[in-house]
Amino acid sequence: MTDASTTPPKTPPPPPPASLTYGSKFAENPLEGARFGAMARRLPSVLAHTARKAWEVDKQAAVLLLACQIFTGIAAAVVLATTARAMTHILGGGTVSERLHGALPALVVVTLAAGVGRMCSLLSSYTDGRITPLLTTDADVALVAAVLRVESSAYGRDGFADQQEAAEIGVTRTRLMVQDAQRFTAALVRMVAAGGVITVLHPLLLPVLLLAVLPAGVGAVLSARVDYRTHFLNLGDRNVRAMMRSWSTHARFGDEVRANSMTDYQIYWYRALSERIDQRTLKAVPQMLRIQTASSALGGFFLMCTWATLAGLAITGRIALPIAATAVVAVQTAVAALTQVVIQGAALFHTSLYLVDMRAFLDLADELAPKRGALTIPERIEEIRIDEAVYHYPGKEEPAVAGVSLTLRRGEILALVGENGSGKSTLARLITGIVLPDKGAVQFDGINLADAAPSSVWSRTSLVPQNFACWPLRARENVTLGQPRTHDDGPVWKAIDAVGMREEVEKLPQGLDTLLARELFGGAELSGGQWQRLVCSRALYRQTPIVILDEPTSQMDARGEHAIFQQIKQIAPHCMTVVVTHQLENTRLADRILVMDKGRVIEQGTYDELVHAGGQFADLVALAKDR
Ligand SMILES: Nc1ncnc2c1ncn2[C@@H]1O[C@H](COP(=O)(O)OP(=O)(O)OP(=O)(O)O)[C@@H](O)[C@H]1O
């Protein structure tokens, strides 16, 4: 028996993942309100786009694909027309052997034409196999390049991540683009051929036949709409789920997850989010069933009407028996082709929706690419000047940097200090030209960064960011990344020596050639501090006139930190150095310290001046000592 008063309270269940809904101008599903006609009108442009893309990546295969489509149509027409001739003989007068003998040439032609048709279909699959991987890579690379080229501020823009996720689906769908287009045009060509033959046999058959297939077309388009709507509603959740999956299953964060007993919650969270996505998907299933049942029933009814019309025409003697027999084959061919036209047309339309998302994202990325000037920053820079710079992050009311002015000269070391969120990293980003101020200006030797080519600006800067990437590349590339000079390892070792990492790198299984990713075959892993030293060595290797170090030694031991600050002193005369740090003792080496608060500079001076000034800096130094 348990005493209720001593039973520990039951832990409440964890909250479900936050429900993510669009609340922005991207909240509009482009399909809402789109009509059947508008969708049908889109198909030619999708076909033209596919053909253009196929032509760009493999001209030979594109021509072969086109030829196959034309020959498929010709073969289908020949099969049907020649079947009519064969039927005339088979159902005509004479003995069986005489009738067969008469029909033989036509039957040979039918067999040959059918063989050509089959051959064309095989060749089409072959060309699709040649074109599709190239097209997919093209789309994938275009997407990665577009994301890499946008202004950094775009990442924080409303809806950017979701639009990127939608575009990613577009890349996946590119795999189906050629196949859908090829199947659609093959069916269209077969349908035109069969339709032509049927019209020649009797003009009444074609309209009845069209009625039989139209419901399937409408059904397929409606299904595509339901499917896309589900996809659209799930977009935000899927985006977060993908991020969560990548973080929670990454080896690098494995310890944090386990030792903080996050595992069960993460699984619960992941499952809960997946179930929410599933619920939306499952909601669409009965809708799909209703659409398909209605379209099949209607289509079946009209098909019966077609057969009844044909029977009526034959019974009343308005078409001869051999013609009626040919019409049976032609109707069957046309029904199959028409069904394929509508199904493949809907599939193509469906794929086009995702391709439109991809195109829209690429256009957006284009729009968000730097629109700065083309001026070149000289190799040697004497002065950085910031005039009343203000910067707001998208969606934030308070500016992260609220009117900062400063001048930094060659040979100077500037330290930025202040409490969390005071705007130090943002000011460092402004100095590096990663973001441009909303108001005011940042100038390198009189050149406003808004007028300079970004690549020219960044070829003059080295940045050790607060959160750096541990690139799964070889040790050498981790130093030279962004500035590869692989013909000689001398400068690489010099940079590695400068951060005191030679021994560790030499001990790696393949030295500089070691892949720094434990999770990949043959890879090795560094400690947090060793990674940070390597990132600092990259900044030293670049030998640029501007060096920005945002908490560069936060993970280092005393020896590492000492080595880095020695290096900073050593390179300082040749460049302008900005160090963001919370280790106030380290600011002693700075020529000037800027103390930031709420995006403003509230104090500045040398260490000795500030420590005796009785301001925030002195307070922070006192707090650091009072531990
Ligand atoms: N990418 C971002 N998007 C939106 N707001 C941001 C972003 N980065 C920073 N901020 C906001 O800008 C303000 C200044 O941030 P910043 O990173 O410059 O501060 P900091 O002084 O470097 O802080 P810390 O000492 O914690 O590194 C903060 O209020 C922060 O929330």
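Keep in mind it's a predicted model, so treat the numbers as computed, not measured. (Residues numbered from 1 in each chain as written. Predicted model: local features only at pLDDT ≥ 70, side-chain atom pairs only at ≥ 80, totals over all residues.)

Draft legend 1. Quick peek at the overall build of the protein. Scanning the protein from terminus to terminus reveals 17 helices and 10 strands. Taken against the 2.2 N^0.38 rule, which gives 25 Å for 627 residues, the C-alpha radius of gyration of the protein at 35 Å runs more than 25% over that of a compact globule. If you line up the protein on its principal axes, its C-alpha atoms span 120 × 75 × 50 Å. Sorting the 627 residues of the protein into buried and exposed places 35% on the buried side. Counting contacts in the protein only where the partners sit at least 6 residues apart, residues at least 24 apart contribute 78% of the total. (Helix = DSSP H or I, 4+ residues; strand = E, 2+ residues; numbered from the N terminus. Rg over C-alpha atoms; globule rule 2.2 N^0.38 Å. Buried ≥ 20, exposed ≤ 12 C-beta atoms within 10 Å, placed from the backbone. Contact = placed C-beta atoms within 7 Å.)

Draft legend 2. Representation of the pairing of strand β3 (residues 413-418) within the structure. For β3, the buried fraction is high: 6 of the 6 residues fall into the buried class. Covered by surrounding structure in β3 are I413, A415 and V417 together with L414, L416 and G418, the residues of both alternating faces. Bridging between β3 and strand β8 (residues 576-580) involves 4 bridges; their strand directions are parallel. Counted as the bridge partner of A415 is V579 from β8. Relative to strand β9 (residues 592-597), β3 runs parallel, the two being bridged by 5 bridges. Bridge pairing links L416 to L594 in β9. (Pairing = 2+ DSSP bridges.)

Draft legend 3. How the structure looks around the site of the ligand. In the vicinity of the ligand there are 13 residues, among which Y393, A400, N420, S425 and T426 approach most closely. Sort the elements by how many residues they give to the shell around the ligand and helix α9 (residues 424-432) lands first, with 3 residues. Its residues assigned to classes, the shell around the ligand shows 2 nonpolar, 9 polar and 2 charged. (Near = placed C-beta within 6 Å. Nonpolar A, V, L, I, M, F, W, Y, C, P; charged D, E, K, R; others polar.)

Draft legend 4. Representation of the environment of Q69 within the structure. Locating Q69 in the fold gives a position in helix α2 (residues 59-90). The class for Q69 is buried, based on 20 C-beta atoms found within 10 Å. As for Q69 and R190, which are separated by 121 residues in sequence, their C-alpha atoms are 9.1 Å apart.

Draft legend 5. Here's a closer look at the sheet that holds strand β5 (residues 447-448). The strand order across the open sheet built from 4 strands is β2-β1-β4-β5, with neighbouring strands paired in antiparallel fashion. Every interior strand has two partners, whereas the edge strands, β2 (401-409) and β5, have only one. Two elements, strand β1 (residues 383-391) and β2, share 7 bridges in a ladder whose sense is antiparallel. Its bridge partner being in β2, I384 is matched across the sheet by L408. Of the strands in this sheet, β1, β2 and β4 (439-444) are in contact with α9, which crosses β1 at around 125 degrees. (Axes fitted to C-alpha atoms, helices over the stretch in contact; angles between N-to-C directions.)

Draft legend 6. Expanded view of the sheet that holds strand β10 (residues 600-605). Sheet architecture is open: 6 strands sit in the order β6-β7-β8-β3-β9-β10, paired in mixed fashion. In this open sheet, the two strands that pair with only one neighbour each are β6 (461-464) and β10. Along the sheet, successive strands turn relative to each other by an average axial angle of 20 degrees, direction set aside. Note: β6 against strand β7 (residues 546-550), 4 bridges, orientation parallel. Following the sheet pairing, S462 is matched in β7 by V547. Here helix α14 (residues 528-542) sits on the sheet in contact with β6 and β7, set at roughly 170 degrees to β6.

Draft legend 7. Region of the structure containing helix α4 (residues 160-201). Helix length check: α4, at 42 residues, gives a terminal C-alpha distance of 57 Å against a target of 62 Å (1.5 Å per residue), a fit within 8%. Maximal helix bending in α4 amounts to about 40 degrees, located at R175. Of all 42 residues making up α4, 31 are buried, and the element is well covered by its neighbours. (Expected span 1.5 Å × (residues − 1). Bend = angle between axes of the 7 residues up to and from the residue.)

Draft legend 8. Layout of the packing of helix α7 (residues 263-315) against helix α8 (residues 321-367). Running from N to C, α7 and α8 point in directions that differ by 165 degrees, and their axes come no closer than 10 Å. With respect to α8, the element α7 is oriented roughly antiparallel. The element α7 and its partner α8 pack so that their crossing is right-handed. Side by side, α7 and α8 meet where L303, T306, L310, L313 and A314 of the first sit next to L321, A324, A327, V331 and V335 of the second. (Parallel < 35°, antiparallel > 145°, perpendicular 65-115°, else oblique. Left-handed = near helix turned anticlockwise from the far one by under 90°.)

Draft legend 9. How the structure looks around unusual backbone geometry. Backbone geometry at D445 places phi at a positive 45 degrees, although glycine is not the residue there. The topology assignment puts D445 in the loop between β4 and β5. C-beta crowding within 10 Å serves as the criterion here: with 14 such atoms nearby, D445 is assigned to the partly exposed category. A positive phi is found at K598, a non-glycine position, where the angle reads about 50 degrees. Mapped onto the secondary structure, K598 falls in the loop between β9 and β10.

Draft legend 10. Geometry of the nonpolar core. Ranked by internal contacts, the top residues of the largest apolar core, which has 70 residues, are A194, I198, A330 and A334. Going through the elements one at a time, α1 (36-57), α2, α3 (96-149), α4, α5 (205-248) and α8 are the ones with two or more residues in this core. Looking at this core element by element, the count peaks at 19 residues for α8. Discounting chain neighbours no more than four positions away, the residues touching A334 are M191, A194, G195, I198 and L209. Counting residues in each nonpolar core, the second largest holds 68 residues, with Y391, A415, L516 and A563 among its members. (Core = buried A, V, L, I, M, F, W, Y, C linked by C-beta atoms within 7 Å.)

Draft legend 11. Quick look at the packing of α3 against α4. At a minimum axis distance of 9 Å, the contact between α3 and α4 shows a crossing angle of 160 degrees. For the element pair α3 / α4, the angle class is roughly antiparallel. The handedness of the crossing between α3 and α4 comes out as right-handed. On α4, the residues that touch S121, S124, D128, I131, T132, L135, T136, A139, D140, L143 and V147 of α3 are Q164, A167, V171, T174, R175, M177, V178, Q179, Q182 and A186. Here the contact of α3 with α4 is composed, by residue class, of 10 nonpolar, 8 polar and 3 charged.

Draft legend 12. Representation of the UniProt feature "transmembrane region" (unreviewed entry) in the protein. Mapped onto the present numbering, the UniProt feature "transmembrane region" (unreviewed entry) falls on residues 61-82, 102-120, 297-317 and 323-349. Overall, residues 102-120 shows 100% helix and 0% strand. The separation of its end C-alpha atoms is 29 Å. Across residues 323-349 one finds 100% helix and 0% strand; the C-alpha atoms that close the span lie 37 Å apart. (UniProt positions renumbered as here; feature names shortened; annotations may be inferred.)

Draft legend 13. Broad picture of the pairing of β4. Pairing analysis gives 5 bridges linking β1 to β4, with the strands arranged antiparallel. Residue I384 lies in a different strand from β4, and its bridge partner there is F444. Relative to β5, β4 is paired through 2 bridges, and the arrangement is antiparallel. From the neighbouring strand, F444 faces β5, where its bridge partner is I447. Once β4 ends, the chain turns through 2 residues before running back antiparallel as β5, passing D445 with a positive phi of about 45 degrees.

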